[in-house]
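Structural features, examined
Here is how the chains run, residue by residue.
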Amino acid sequence: MPEHRLKPIPPLAGNTPRTDLFAGLTVTENPDLALASIACRLGQEIAFSAVAKKAFGFALPGPGLVTGMGDYTAFWTGPDQWMVEAAFASHEDIAAILKAALKSMASVTEQTDGWARFDVQGSAAPTVFERLCNLDTRAMENGSATRTSIDHLGCFVICRKRGEDFSVLGPRSSAGSLHHAITTAATSVLG
């Protein structure tokens, strides 16, 4: 049987992920991301908490927080709901992996191709975010996440290192608009 010649396409539709460099800032398209949303089913909260802790190696985070260990990182998206991320190379079928681990205690939905991730890194990141949204990224601590609007798009912003390392998750269908908003703000601030 012949091998297929299919090649995954990054959200910005280039041959390789895009990186934009500015003075004090780097914006990187990051397609190496497997995503799934999980929601604890009603009445399963106690059992789910124990099973999830065993599956991930950590307790799932509370509101506004991000927790990670080993292969997984999770952030809170709503009451008894989280988004879980892992490396795409090792977790391409993340939803099936999580469904098997969490059994019937949670609803798991594949999210990988629904989102685009841009890593915004550098000391100028908080100044750029001031132009992008009403989120005070200077006050965000390591391991925090929140939902905000960037260029009229519902996005998640994750603080990976205070004041200098953030990830923005936005709708993949609007990846070009989101990228344009981020780089336009960076150009405005940094020239």
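What counts and what doesn't
- Residues numbered from 1 in each chain as written.
- Predicted model: local features only at pLDDT ≥ 70, side-chain atom pairs only at ≥ 80, totals over all residues.
- Heavy atoms only, no water.
- Salt bridge = Lys/Arg side-chain N within 4 Å of Asp/Glu carboxyl O.
- Helix = DSSP H or I, 4+ residues; strand = E, 2+ residues; numbered from the N terminus.
- Buried < 20%, exposed > 50% of the residue type's maximum accessible area, 1.4 Å probe, protein only.
- Core = buried A, V, L, I, M, F, W, Y, C linked by side-chain atoms within 4.5 Å.
- Contact = heavy atoms within 4.5 Å.
- Axes fitted to C-alpha atoms, helices over the stretch in contact; angles between N-to-C directions.
- Left-handed = near helix turned anticlockwise from the far one by under 90°.
- 1 Å grid on protein atoms, 1.4 Å probe; cavity = no way out; pocket = protein on both sides within 12 Å on 5 of 7 lines; lining within 4 Å.
- Points joined across faces, edges and corners; volume = space filled by probe spheres on them.
- Nonpolar A, V, L, I, M, F, W, Y, C, P; charged D, E, K, R; others polar.
- Disulfide = S-S within 2.5 Å.
- Pairing = 2+ DSSP bridges.

Points about the pattern of salt bridges
Overall, the coordinates contain 7 salt bridges when judged by the stated rule. Here Glu85 and Arg160 are joined by a salt bridge, their closest N and O atoms 2.8 Å apart. A residue pair is termed long-range when its members are at least 10 positions apart, and Glu85 in strand E6 (residues 81-86) and Arg160 in strand E10 (residues 153-161) qualify at 75 residues. Residue class for Arg160 comes out partly exposed when judged on its relative accessible area of 27%. The shortest N-O distance in the salt bridge between Arg162 and Glu141 comes to 2.7 Å. Pair noted here: Arg162 is in the loop between E10 and strand E11 (165-171) and Glu141 is in the loop between helix H3 (125-132) and strand E9 (144-150), with a separation of 21 residues, a long-range link.

Overview of the nonpolar core
Counting 27 residues, the largest nonpolar core has Leu25, Phe129, Leu132, Ile150 and Val168 as its most contacted members. Breaking this core down by element, the ones donating at least two residues are strand E2 (25-29), strand E8 (115-121), H3, E10, E11 and helix H4 (175-190). With 6 residues, the top contributor of residues to this core is H4. Residues within four places of Phe129 in sequence aside, it is in contact with Val120, Thr137, Val157, Phe166 and Val168. Counting 21 residues, the second largest nonpolar core, distinct from the first, contains Phe48, Ile94, Ala95 and Ala106.

Brief notes about the packing of H3 against H4
It is at 9 Å that the axes of H3 and H4 come closest, and there the two elements cross at 115°. The hand of the H3/H4 crossing is right-handed. Where H3 approaches H4, its residues Thr127, Val128, Arg131 and Leu132 are matched on the opposing element by Ala181, Ile182, Ala185, Ala186, Ser188, Val189 and Leu190.

Thoughts on the layout of surface pockets
Of the voids in this model, the largest pocket is the one considered here, and its volume is about 410 Å³. Every residue lining the largest pocket is counted, 22 residues in all, and those nearest its centre are Pro8, Pro31, Phe88, Asp113 and Arg172. Classifying every residue of the lining of the largest pocket gives 12 nonpolar, 3 polar and 7 charged.

Regarding the state of the cysteines
Going through the model one piece at a time under the given rule, you end up with 0 disulfides. As a non-bridged cysteine, Cys159 has Cys133 as the owner of its nearest cysteine sulfur, 13 Å distant.

As for the sheet that holds E9
Neighbouring strands of a sheet are bound in pairs by backbone hydrogen bonds; such pairs are parallel or else antiparallel. Read from one edge of the open sheet, 6 strands run E1-E2-E8-E11-E10-E9, paired in antiparallel fashion. Only two strands of the sheet have a single neighbouring strand rather than two, namely strand E1 (19-22) and E9. Neighbouring strand axes in the sheet, compared pairwise and without regard to direction, differ in orientation by 20° on average. In this structure, E10 lies alongside E11, joined through 5 bridges in antiparallel fashion. In the sheet register, Ile158 faces E11, and the bridge partner there is Ser167. Against the sheet, H3 makes contact with E2, E8, E9, E10 and E11, and its axis sits at roughly 30° relative to E11, the strand it touches most.

Details of the sheet that holds strand E5 (residues 72-78)
Taken in spatial order, the 5 strands make up an open sheet running E4-E5-E6-E3-E7, and their pairing is antiparallel. Sheet topology places strand E4 (66-69) and strand E7 (106-110) at the edges, where each strand pairs with a single neighbour. With direction set aside, neighbouring strand axes in the sheet form an average angle of 25°. Bridge count for E5 against E6 is 5 bridges, and the pairing is antiparallel. Paired with Phe75 across the bridge in E6 is Met83. Packed onto the sheet, helix H1 (residues 45-56) meets strand E3 (34-40), E4, E5, E6 and E7 and runs at close to 155° relative to E3. Together, E3, E5, E6 and E7 form the strand contacts of helix H2 (residues 94-102), whose direction differs from that of E7 by roughly 170°.

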